[in-house]
Structures are given as structure tokens and as C-alpha cells.
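# Descriptive structure summary
Letter by letter, the chains look like this.
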Amino acid sequence: MVDSSEAATLAILTFWVGPFLLGVEADQIAQLTRPSGQRLSTHISAGASDLKVMDLRSTCGLPRETDEEQRQLLVVDQAGEKVGYRVDQVGELITIDTAMYIWPLPPLLEIQKRWRQLWGVCQWENELVLLVDLQYQPQNEPKEGYISNEWT
Amino acid sequence: MPDSPTGPGKKILDQVRRTQQNQLASETIESPHQQYLSFLLNEDWYGLSVYDLVEVLPPPKITRVPSVPDHILGVINLRGEVLSTIDLKSFFGLPQGEPTEDQALIVVEHAGMRTGLLVDDIGDLVNLAPEDLNEEPLLAGTSERVFFEGAATWGEGFLTVISLEGIFQAEGMYSYQG
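These numbers were taken from a predicted model, which means no experiment stands behind them.

Looking now at the overall build of chain B. Helix and strand counts for chain B stand at three helices and ten strands. Mapped in sequence order, the helices and strands of chain B form the string α-β-β-β-β-β-α-β-β-β-β-β-α. Here chain B holds 178 residues, and the buried ones make up 37% of them. Residue pairs at least 24 apart in sequence account for 57% of intrachain contacts in chain B once pairs closer than 6 positions are excluded.

Here it is as C-alpha cells:
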């Protein structure tokens, strides 16, 4: 995931799901949409497409947010299929020194984690950000958090 | 990010280092006693071999992690090393009380891996011989016998010595190949 031969930094988009501060490699994000469906930015030009949506509140074991309208959607290209991840709030785009401030999950967490897309931790200011690989497709696991197919 | 060990942990660790230095200096004298760090969970005292002890910290800011068992509190950054932290009361199935200002995080190292254990308070260092551990441990909550080496009478009560090997074996640590 981190190509040390190319860059010593990694651009990470942070976001909140309940109390959890999470981050994803910015290059994974194809689209970022407002609740209304208006795109904030687009890396990959894509027209209307059938979109599978995962609710990360369910993935994180949290109850459904009542104010669904305020939530945002991170869209990633997962092996040629567009998948949307619904999050509570998008944070900031940060740049992290990969050699100094990114670590794999400690062994105990690596074993015990149920969310297979969780892979590491980075330090950002006074916070630890939990890193997820939203392009990773766990094999033979229930699609926790799956909501429905939606049109964007 | 937690600073160097200070506060309650420093006193204990200074004592541990002195003891280890004394043991090295007199290594030709075989002593059957082992030293344990005592700590409190609710109202019961437990012990941990000082050989597993790395340091004791005031409770640092712990970053919660989603979708993990309840006894895993989260992760901390300990001077550039990210560690998992375990709530021992939750792991042993003990009732949770209100957090107190005496809480501490014991950093242990077992099988080459460091982990933080949250406890209610830190006590003294205790010298015990193997034959002292002749009491059956308190099996509170849903805890299993494998989590404990044994128990000794201590003061007016008991000191239950925990087994990191038993605890981490239950956690699947030994199967980790990462």
C-alpha cells in the first residue's frame, strides 16, 4: 500500500464515524458526495452508475444515525465496481510521513479485529488515526453494513 | 503521547531496576523467590511477574478502535510504538466501577510483544516463592484457571498472580504470524 521507493509521504483523507477518527488513502477515493448527491470532487469521471452502499456506522457497531441527511458518501472503485461508504463527517486531507508516523496494527488488534479493512495507525497532531483500505475486499465474509444499491 | 515514565510508575520501576541489579550481582546465589508487581482490580489484589514488566504509566489517552472485543480498549502511541491496550477487568469478566484517579497502565512484554493493561491501582512489589502460590485463584466472572499462575495469602487477603502466557494464548497471540 505504501510505496517507499516513490514517496515518503502519504495523502490521507480523514473522516469520522461516531467517535472513531478514521483515514483512507486519498487516492482510493473516486468521488465524495454531499448528502444531496452533489459531488464535492471527482478523481474519476463517472456518470450515473449503480452504486452499492455500505454504512460504516454498522461496520463500527454503532446504531444508525438519525440525521442521515447530514452524512457523506465516500465512493471507491473496488475491483471495477463502485462502492459507496457512508460516513458521519469528512475531516481533512492530511499528508503523513510514512517512515515516521504510520504503523501497522499491533499484533493483538490484528488478530482480534473484525473489520478486515482496518490495517494501520497514523499519528496526526495529537490524534491517532485508524487507517482503512476501502478498496480491499474481504473474502468469504458477511458484507457488514451493506445497505442497498443506490443511484448517484 | 505519553511521556517518559513518571509519577507512580517511576518509583516502582526504580525499585524493580535495583532489584534486578542486585539479582545480577548475586547470580551465584540461587533464590527461590520471584518478584511480583501487585495491582488492584476493584477490591482484589493481583500480581504480575516483574520479568514481564516494561513500565507503569498514568492512564494515557487511548484511541478507541471499532469492531473489537469489549476488553480491548484501543491503541496508544508510546514514544513511537503503537500498542494495544486491554481492560483487565473486562477481560476477566469483573464488574466495571467508576474510573478512579489511581488507575494506571501497566506495559508488559510477552513473546516479544508489548501490550498495555489498564488496572485500578498499583501496589507494592511482593516477593513470593513458588510454594507460596498454593491457594486457588479467585475465578471471578467468566475467567478461566489458565489465566492465573496461582494465589498466595497476602496480608489479610490474597494475591492472585496472573499468567500472561494464559491470557495471550486465549487472545490468539501465539497464532499470530504477521
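Next comes the rest of the write-up.
When helices and strands are tallied, chain A shows three helices and twelve strands. Put simply, chain A has 152 residues, and 30% of those count as buried. Taking as baseline every contact in chain A between residues at least 6 positions apart, the subset at least 24 positions apart corresponds to 64%.

Residue and element names in this part refer to chain B. The mixed open sheet is built from five strands, whose spatial order is E8-E1-E2-E10-E9. Each edge of the open sheet is held by one strand with a lone partner, namely strand E8 (121-128) and strand E9 (148-154). The average undirected angle you get between the axes of adjacent strands in this sheet is 30°. Sheet topology note: the strand E2 (residues 44-49)/strand E10 (residues 157-162) ladder contains three bridges and is parallel.

Another aspect to go through is the environment of Leu62 of chain A. Residue and element names in this part refer to chain A. Tracing the backbone shows Leu62 in the loop between helix H1 (56-59) and strand E6 (72-78). By the C-beta count within 10 Å, which is 17 here, Leu62 ends up partly exposed. For the pair Leu62 and Leu118, spaced 56 residues apart in sequence, the C-alpha to C-alpha distance is 16 Å.

It is worth spelling out the interface of chain B and chain A at this point. Each partner contributes residues to the interface: chain B has 20 residues there, and chain A has 20 residues. Of all the secondary-structure elements, those providing two or more residues to the side of chain B that touches chain A are strand E4 (72-78), strand E5 (81-87) and strand E7 (113-119) of chain B.

Let us look at the confidence of the model for chain A. Residue and element names in this part refer to chain A. Confidence along chain A averages 80 in pLDDT terms, with 72% of residues attaining 70 or more. Here residues 37-48 is a poorly scored stretch, pLDDT under 50, and it has 19 contacts once near neighbours within four places are set aside; other chains count. Counting contacts from residues 148-152, a segment whose pLDDT is below 50, to residues more than four positions away or on other chains yields 15 contacts.

Here we take up the pairing of E2 of chain B. All names here are of chain B. Bridging between strand E1 (residues 34-41) and E2 involves six bridges; their strand directions are antiparallel. Looking at the pairing, Tyr36 lines up with Ser49 of E2. Taken together, E1 and the strand that follows it, E2, pair antiparallel across an intervening segment of two residues, in which Asn42 is found at a positive phi of about 55°.

Take the confidence of the model for chain B next. Of the residues in chain B, 78% reach a pLDDT of 70 or more, and the chain-wide mean stands at 84. Scored as a whole, the predicted complex attains pTM 0.80, and scored at its interfaces, ipTM 0.79.

Moving on, we come to the nonpolar core. Judged by nonpolar contacts, the single largest core of 79 residues is most densely connected at Leu74, Tyr85, Val121 and Leu130 of chain A together with Ile106 of chain B. Aside from chain neighbours lying at most four places away, what touches Ile106 of chain B is Phe39, Leu48, Leu53, Val56, Leu117 and Val119 of chain B.

Further remarks concern the sheet that holds E5 of chain B. Residue and element names in this part refer to chain B. Spatially, five strands are ordered E3-E6-E7-E5-E4 in an open sheet, and the strand pairing comes out mixed. Looking at the sheet topology across the chains shown, the edges are occupied by strand E3 (53-57) and E4. Pairs of neighbouring strands in the sheet enclose a mean axial angle of 30°, with direction left out of account. Bridge analysis of E5 against E7 gives four bridges, and the strand direction is parallel. Bridge assignment links Thr85 to a residue of E7, and that residue is Gly116.

Of note, Arg71 of chain A is situated in the loop between H1 and E6. A sequence separation of 37 residues divides Arg71 of chain A from Leu108 of chain A, and the C-alpha atoms of the two residues are 32 Å apart.

The rules behind these values
Residues numbered from 1 in each chain as written. Chains lettered and ligands numbered in written order. Predicted model: local features only at pLDDT ≥ 70, side-chain atom pairs only at ≥ 80, totals over all residues. Helix = DSSP H or I, 4+ residues; strand = E, 2+ residues; numbered from the N terminus. Buried ≥ 20, exposed ≤ 12 C-beta atoms within 10 Å, placed from the backbone. Contact = placed C-beta atoms within 7 Å. Pairing = 2+ DSSP bridges. Axes fitted to C-alpha atoms, helices over the stretch in contact; angles between N-to-C directions. pLDDT = per-residue confidence, 0-100. Core = buried A, V, L, I, M, F, W, Y, C linked by C-beta atoms within 7 Å.

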